[in-house]
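So you can see what is in the structure, the chains are spelled out below.
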Amino acid sequence: MKLGIVGLPNVGKSTLFNAITNAGIPADNYAFCTIDPNVGVVSVPDARLQWLRALHNPKKFTPAVIEFVDIAGLVKGASKGEGLGNKFLSNIRTTDAIVHVVRCFDDGNVTHVEGGTDPLRDIEIINMELIFSDVEMCERRLDKAQKAAKGGDKRFVREIEVFQALLAHLNEGRLARTFDCAPDERAMIATSDLLTLKQTIYAANLSEDSVNEPDAVPYFQAVKQLADEEGSLVLPICAKLEADIAELDDEEEKAMFMEELGLHQSGLDRLIRCSYDLLGLISFLTAGSDECRAWTIKKGTKAPQAAGKIHTDFERGFIRAEVIAFEDLKTCGTMSAAKAKGLVRSEGKEYIMRDGDIVNFLFNV
């Protein structure tokens, strides 16, 4: 999974990126500290996979990973060259979703490019810049389709109709993901990597004093209402606290510090969970002496297609899947004990994978 991080300058974007990736990039208190895109890859924390690792002591251990891309802060008029412009947006066009960091606290010591805290205004500024960038992409796509249609290729007539309607929608200042269209049209539009088509998580950056009671903060309430209306998600987080936590090397010390703060999970854990929920993702596991590994798939994926994530031959020659729920294996302690209790199931081609399934795929090519 790949997530793009956007926001105005000085809202906590790079501080949050540092905290969740331990990348150590600059996060100074002035606009445009981030110029080149910063990329960090982190492992998805999974206690189930760690348990399997202890059980099998495998030669190889492969957790799922998420790639984060942090780009320079956007400002009003970026599409017209204001600030550092919007050229950096191309770096997040191939991401699966967007994490939009928005400041939800007042602090006179932290400059704000718009002069003061107003998360809804900030969101509107960023969304409009993303829309302007998508308008350019749509116009290019439409131009190509029109040229192809003039050349006699009738396949592009429908594409022209769809993208003309979408362009009109964007020019009204509306996000691509709110464009009402048929499923086949949606699939066509999805090939264009539009930024406002991507699902969004609003990372509401709160102060240290309010992060545990976000609903008491009017700024947060406003962002949450907007997210609910859009079908987006909102994550209350304090980038500064996450940065402080990330600086601690000792896991026990880190756990004690988080407990003192009243935090049950790190910001990374919560952001990953939020991302999985937003995109409808789950993980299945494979385990043995050679490798313990987590595989990320969409909810509703059937066993053969899940097998295909490992290797196309597994899907092509799928026979059946030997499946056990992680909790069942953990309760039994060993696979042999689980088999003795009849907890290892044999599933066919119509089986829909569940989160935490431990699977052995049988195939023949």
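Structure report, in brief. Everything numeric in this text was worked out from a predicted model, so none of it was measured.

**Some remarks on the environment of Cys274**
The topology assignment puts Cys274 in helix α9 (residues 267–279). For the pair Cys274 and Leu233, spaced 41 residues apart in sequence, the C-alpha to C-alpha distance is 7.5 Å. Those residues in contact with Cys274, other than ones at most four positions away along the chain, are Ile201 and Leu233.

**Overview of the packing of helix α3 (residues 119–150) against helix α4 (residues 156–171)**
Running from amino to carboxyl end, α3 crosses α4 at an angle of 155 degrees, the nearest separation of the two axes being 9 Å. As judged from the angle between their axes, α3 and α4 are roughly antiparallel. Crossing geometry of α3 relative to α4 is assigned as left-handed. For the pair α3 and α4, contact is made by Ile131, Asp134, Val135, Cys138, Glu139, Arg141, Leu142, Ala145, Gln146, Ala148 and Ala149 and by Phe156, Glu159, Ile160, Phe163, Gln164, Leu166, Leu167, Leu170 and Asn171, respectively.

**Overview of unusual backbone geometry**
Note: most peptide bonds trans; most residues except glycine with negative phi. Phi at Asn57 is positive, roughly 45 degrees, even though this residue is not glycine. Position of Asn57 relative to the elements: it lies in the loop between α2 (47–56) and β3 (60–62). Even without glycine at this site, Asp193 takes up a positive phi of about 55 degrees. Among the secondary structure elements, Asp193 is positioned in the loop between α5 (183–190) and β6 (199–205).

**Observations concerning the pattern of salt bridges**
Applying the stated criterion across every chain yields a total of 22 salt bridges. As a salt-bridge pair, Lys13 and Asp70 come within 2.8 Å of each other at their nearest N and O atoms. Here the residue Lys13 occupies a position in helix α1 (residues 13–21), and Asp70 occupies one in strand β4 (residues 65–70), the gap between them amounting to 57 residues. The exposure class assigned to Lys13 is buried, which follows from its relative accessible area of 5%. Between Glu208 and Lys240 there is a salt bridge; the shortest N-O distance is 3.7 Å. Note that Glu208 is positioned in the loop between β6 and α6 (218–230) and Lys240 in helix α7 (residues 239–246), a separation of 32 residues in sequence.

**Topic: a negative patch on the surface**
On the surface, a cluster of negative charge is made up of Asp249, Asp250, Glu252 and Glu253. Counting through the fold element by element, Glu253 comes out in helix α8 (residues 251–261).

**Examining the pairing of β4**
In this sheet, β4 lies alongside strand β1 (residues 2–6) in parallel orientation, the contact comprising four bridges. In the strand pairing of β4, Gly4 is matched with Val69. As judged from the six bridges shared by strand β2 (residues 38–43) and β4, these two strands associate in the antiparallel manner. When the sheet's bridge partners are listed, Val41 is paired in β4 with Glu67.

**Notes on the environment of Ala287**
Inspection of the secondary structure assignment puts Ala287 in the loop between β8 (281–286) and β9 (291–298). C-alpha of Ala287 to C-alpha of Leu49: the two residues are 238 residues apart in sequence and 8.5 Å apart in space. Ignoring anything within four residues of it in the chain, the contact list for Ala287 reads Leu52, His56 and Cys292.

**Some thoughts on the packing of aromatic side chains**
Counted according to the given criterion, the structure contains five aromatic pairs. The side chain of Arg53 reaches across the aromatic face of Phe61, ending 4.0 Å from its centre. For Arg103, the ring lying beneath its charged end belongs to Phe105, and the centroid distance is 5.2 Å.

**Digging into the sheet that holds β6**
Taken in spatial order, the six strands make up an open sheet running β2-β4-β1-β5-β6-β7, and their pairing is mixed. At either end of the open sheet lies a strand with only one pairing partner, and these are β2 and β7 (233–237). On average, adjacent strands in this sheet sit at an angle of 25 degrees to one another, irrespective of strand direction. Here α6 sits on the sheet and contacts β5 (97–103), β6 and β7; the angle it forms with β7, its principal contact strand, is near 155 degrees. Across the sheet, α9 lies against β1, β2, β4, β5, β6 and β7, angled at about 175 degrees from β7, the strand it touches most.

About the thresholds
- Residues numbered from 1 in each chain as written.
- Predicted model: local features only at pLDDT ≥ 70, side-chain atom pairs only at ≥ 80, totals over all residues.
- Heavy atoms only, no water.
- Helix = DSSP H or I, 4+ residues; strand = E, 2+ residues; numbered from the N terminus.
- Contact = heavy atoms within 4.5 Å.
- Axes fitted to C-alpha atoms, helices over the stretch in contact; angles between N-to-C directions.
- Parallel < 35°, antiparallel > 145°, perpendicular 65-115°, else oblique.
- Left-handed = near helix turned anticlockwise from the far one by under 90°.
- Salt bridge = Lys/Arg side-chain N within 4 Å of Asp/Glu carboxyl O.
- Buried < 20%, exposed > 50% of the residue type's maximum accessible area, 1.4 Å probe, protein only.
- Patch = residues over 30% accessible without salt bridge, like charges linked within 9 Å, V, L, I, M, F, W, Y side chains within 5 Å.
- Areas by Shrake-Rupley, 256 points an atom, 1.4 Å probe, with all protein chains shown as cover.
- Lys, Arg positive; Asp, Glu negative; His and termini not counted.
- Charge placed at Lys NZ, Arg CZ, Asp CG, Glu CD.
- Pairing = 2+ DSSP bridges.
- Phe/Tyr/Trp six-rings, centres within 6.5 Å; stacked < 30°, edge-to-face > 60°.
- Lys NZ or Arg CZ within 6 Å of the ring centre and 35° of its normal.

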